[in-house]
Amino acid sequence: MAKLSDFNKQLDTKTQTSNNVEENDIVKEYNKIKDLSQQEINAKLFDEVAKQKRDGTFDYQKLEQMVENLKGGLSEQDYKNVKRMLELLK
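What you see is a predicted model; the values in this text were computed from it and never measured. Here, residues in each chain are numbered from 1, in the same order as that chain's written sequence. Local features in this predicted model are restricted to residues of pLDDT 70 or higher, and side-chain atom pairs are both shown and tallied only at a pLDDT of 80 or more, whereas totals for entire chains, interfaces and linings draw on every residue. Remark: hydrogens and water are excluded; side-chain values derive from all non-hydrogen atoms of the structure.

**Quick notes on the packing of aromatic side chains**
And then number 1: Each pair of aromatic rings taken from Phe, Tyr and Trp, with Trp reduced to its six-membered ring, is defined by centres within 6.5 Å and is described as stacked if the planes are under 30 degrees apart, edge-to-face if over 60, and tilted in the remaining cases. Applying the stated criterion across every chain yields a total of 0 aromatic pairs.
And then number 2: In this structure, Lys 53 is placed above the aromatic ring of Phe 58, and the distance from its NZ or CZ to the ring centre is 5.3 Å. Geometrically, a lysine NZ or arginine CZ counts as sitting over a ring once it is within 6 Å of the ring centre and also within 35 degrees of the ring normal.

The structure is reproduced here in structure tokens:
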């Protein structure tokens, strides 16, 4: 019979793999935009939002919740800027 600790090890491995994949995806996306101007980044953002709206996959509430979850890690000015951008995406 399997021990509870064995399941915990399996879960930890899956979580680490998932986190590594997400981290790799973030780094990959960052590398795509790191040398772009703010205007170019904004254009890419609005293009992606327009595509998601056309496809029916844009989820404003989910995005809004994500911003609220990040609030503690942002300066007040950064938070205001993100909220302002979020309003433009409606």
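**Section: the pattern of salt bridges**
And then number 1: A side-chain nitrogen of Lys or Arg and a carboxyl oxygen of Asp or Glu constitute a salt bridge if their distance falls within 4 Å. For the structure on display, the rule yields 4 salt bridges.
And then number 2: With a closest N to O distance of 3.2 Å, Glu 29 and Lys 32 form a salt bridge. Placement of the pair is Glu 29 and Lys 32 together in helix H1 (residues 4-33), with a separation of 3 residues, close to one helical turn. Helix numbering and strand numbering both begin at the N terminus, where a helix is a DSSP run of H or I of at least 4 residues and a strand a DSSP run of E of at least 2.

**Some details on the layout of surface pockets**
And then number 1: Here a cavity is any set of points on a 1 Å grid over the protein atoms alone where a 1.4 Å probe fits but cannot get out, and a pocket is any open set with protein on both sides within 12 Å along at least 5 of 7 lines; a residue lines the site when it has an atom within 4 Å of a point. Grid points are joined across faces, edges and corners, and a volume is the space filled by probe spheres set on the points. Taken as a whole, the largest pocket holds about 1200 Å³ of empty space.
And then number 2: Forming the walls of the largest pocket are 21 residues, and the residues nearest its centre are Leu 45, Glu 48, Leu 63, Met 66 and Leu 89.
And then number 3: Contributing elements (two or more residues each) for the lining of the largest pocket: H1, helix H2 (38-55), helix H3 (60-70) and helix H4 (76-88).
And then number 4: A total of 6 residues in the lining of the largest pocket trace back to one element, the largest contributor, which is H2.
And then number 5: Lys, Arg, Asp and Glu make up the charged group, whereas Ala, Val, Leu, Ile, Met, Phe, Trp, Tyr, Cys and Pro make up the nonpolar group; the residues left over, Gly among them, are polar. In terms of residue class, the lining of the largest pocket is made up of 14 nonpolar, 1 polar and 6 charged.

**Points about the nonpolar core**
And then number 1: For this analysis, a nonpolar core means a set of buried residues of the types Ala, Val, Leu, Ile, Met, Phe, Trp, Tyr and Cys, connected via side-chain atoms within 4.5 Å. Relative accessible area decides the class of each residue, using a 1.4 Å probe on protein chains only: under 20% of the type maximum gives buried, over 50% gives exposed, and in between gives partly exposed. Ranked by size, the top nonpolar core spans 7 residues in total: Val 49, Phe 58, Tyr 60, Val 67, Tyr 79, Leu 86 and Leu 89.
And then number 2: Those elements that provide at least two residues to this core are H3 and H4.
And then number 3: Contacts are assigned to residue pairs that have any heavy atoms within 4.5 Å of one another. If near-sequence neighbours (up to four positions away) are discounted, Phe 58 is found in contact with Val 49, Gln 52, Lys 53, Leu 63 and Leu 89.

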